[in-house]
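If you want the building blocks of each chain, they are given just below.
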Amino acid sequence: MFSISFRHMPARITSALAFTVLASGAIAQTSQPVKVGLMLPTSGTFAELGKTVANGFKLYVSENGGKLAGRTVQYVELDDESDPSKASENANKLVKRDRVDVLVGTIHSGVAMTMARVARDTNTLMIVPNAGAAEITGSMCAPNVFRSSFSNWQPGYASGLLAARKHKTAVTISWKYAAGDESVRGFREGFEKGGGRVIKDLNLPFPNVEFQPLLTELATIKPEAAYVFVAGAGQVKFVRDYAAAGLKNSIPLYGAFITEGTLAAQGDAASGLQTALHYADGLKNPKNEAFIASYRKVFNATPDVFAVQGYDAAQLFAAGLNAVKGDTKKKAEMIKAMENAKLESPRGPLSFSKSHNPIQDMYVRVAMGNKNVMTDVIVKALADPSPDCKN
Ligand code: BEZ
């Protein structure tokens, strides 16, 4: 192995040499591809969401000629199967074996919490492009961990405010894991703030889709409204089952994600459903119009919120990389630039709270045909309170 001994050289020469060695190291590093570890599901209930996040990330990179801060982007991709029991091994593979410069993932809150632990312990830069687990930007928050999506509390809270505009009582239905529990907690807070009361929480294990017993119980309780957190393939079945059980007209259904990206598969069962989320189809801003056109051209599909979150994860990473001209060794400078980033997102203006969670507008949308059409802004610049983050 090549090495230099400085021991017998005059100080003037050693410092010049040391500078040259360091500078050439930085040049060598920045002429190498920057490695992006995409840990997302490509199988199971959240497969479509994982694919769409990856599409969004890659779209931003390809719009920039396949490079960020002058460095070619190399992807290392891994199917996390939305399985928390495999999360530690998978994340460690990307960090220790593949030596990625940034860990991007994932959809499932339970998997993402373990990834964040690995990122924190190894001081690896991480951007969460979906999973809303409170812990990630709460008690476990870390300087090197960012989120380009939402905390589970944010859309839950906005949905509670929305439902409280018309109803006084509600029952919730959710998958029993971090995302379901936190989304329901957010809903309850918003609903109570608006004068409503949650009278019962019903749940089932992730990713179970046997909804019938819960729908039967809901029909017996007869609340004024229902709030649901299930996602991905599960939400298609839930919305269809809800309509087939004859509940759609008698107990209005609310939910943040339940119509996102799935209207074609849900058909009439979803028509007219009101949701609250940080994106809406056809939002009128120049960035979104350009984003939709570009996404359609490359993928021959219409983007949804998951594509936006992936795109913004790449924008956020680029903001850090640009500040250090691609030199990922200057981590503190990169982090500072990411913390201060003001992104022009297809969702509207996007900045980050002290805990590295998005500050964003929450929209009211109504499902019409194949679109979740924006009708209103229910909360402007909503930030997760993250009281446990000591960043
Ligand atoms: C989550 O696990 O955090 C999650 C999954 C799908 C959609 C939204 C949140």
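Criteria and thresholds
Residues numbered from 1 in each chain as written. Predicted model: local features only at pLDDT ≥ 70, side-chain atom pairs only at ≥ 80, totals over all residues. Heavy atoms only, no water. Helix = DSSP H or I, 4+ residues; strand = E, 2+ residues; numbered from the N terminus. Buried < 20%, exposed > 50% of the residue type's maximum accessible area, 1.4 Å probe, protein only. Contact = heavy atoms within 4.5 Å. Areas by Shrake-Rupley, 256 points an atom, 1.4 Å probe, with all protein chains shown as cover. 1 Å grid on protein atoms, 1.4 Å probe; cavity = no way out; pocket = protein on both sides within 12 Å on 5 of 7 lines; lining within 4 Å. Points joined across faces, edges and corners; volume = space filled by probe spheres on them. Nonpolar A, V, L, I, M, F, W, Y, C, P; charged D, E, K, R; others polar. Domains from an automatic or database assignment. Salt bridge = Lys/Arg side-chain N within 4 Å of Asp/Glu carboxyl O. Disulfide = S-S within 2.5 Å.

A. Spatial organisation of the overall build of the protein chain. Helices and strands together make up the secondary structure of the protein chain, namely 12 helices and 15 strands. Across its three principal axes, the protein chain shows a C-alpha extent of roughly 85 × 40 × 35 Å. By residue count, 56% of the 391 residues in the protein chain fall in the buried class. Expressed as a percentage of contacts within the protein chain between residues at least 6 apart in sequence, the contacts between residues at least 24 apart total 68%. With an accessible surface of roughly 16300 Å², the protein chain has 55% of that area assigned to carbon and sulfur atoms.

B. Examining empty space enclosed by the protein more closely. Under the counting rule described, the total for this entry stands at one cavity of 30 Å³ or more. What the largest cavity holds in volume is close to 90 Å³. In terms of lining residues, the largest cavity is bounded by 15 residues, among which I107, N130, F150, F229 and A231 are the most central. A class-by-class count of the residues in the lining of the largest cavity yields 11 nonpolar, four polar and no charged. Mapped onto the domain boundaries, the lining of the largest cavity takes at least three residues apiece from domain 1 (31-150 + 283-356) and domain 2 (153-277).

C. Region of interest: the pattern of salt bridges. Summed over all chains, the structure comprises 14 salt bridges. E48 is the salt-bridge partner of K51, the closest N and O atoms lying 3.4 Å from each other. A residue pair is termed a helical-turn pair when its members lie 3 or 4 positions apart in one helix, as K51 and E48 do in helix α2 (residues 47-63) at three residues. Judged by its relative accessible area of 45%, K51 is partly exposed. A salt bridge links K176 to D181, with the nearest nitrogen and oxygen atoms 3.0 Å apart. Residue classification places D181 among the partly exposed positions, given a relative accessible area of 25%. Because the salt bridges share partners, they merge into one network encompassing E81, D83 and K86.

D. Structural detail: the state of the cysteines. Tallied over the entire structure, the rule returns one disulfide. Disulfide partner of C141: C389, at an S-S distance of 2.1 Å. On the sign convention where negative is left-handed, the bridge of C141 and C389, at about 85° about the S-S bond, is right-handed. Taken together, the residues C141 in the loop between β5 (125-128) and β6 (145-147) and C389 in the segment after β15 (371-382) connect sequence positions 248 residues apart. C141 sits in the buried class, given a relative accessible area of 12%.

Function cannot be read off these values alone, since they describe shape.
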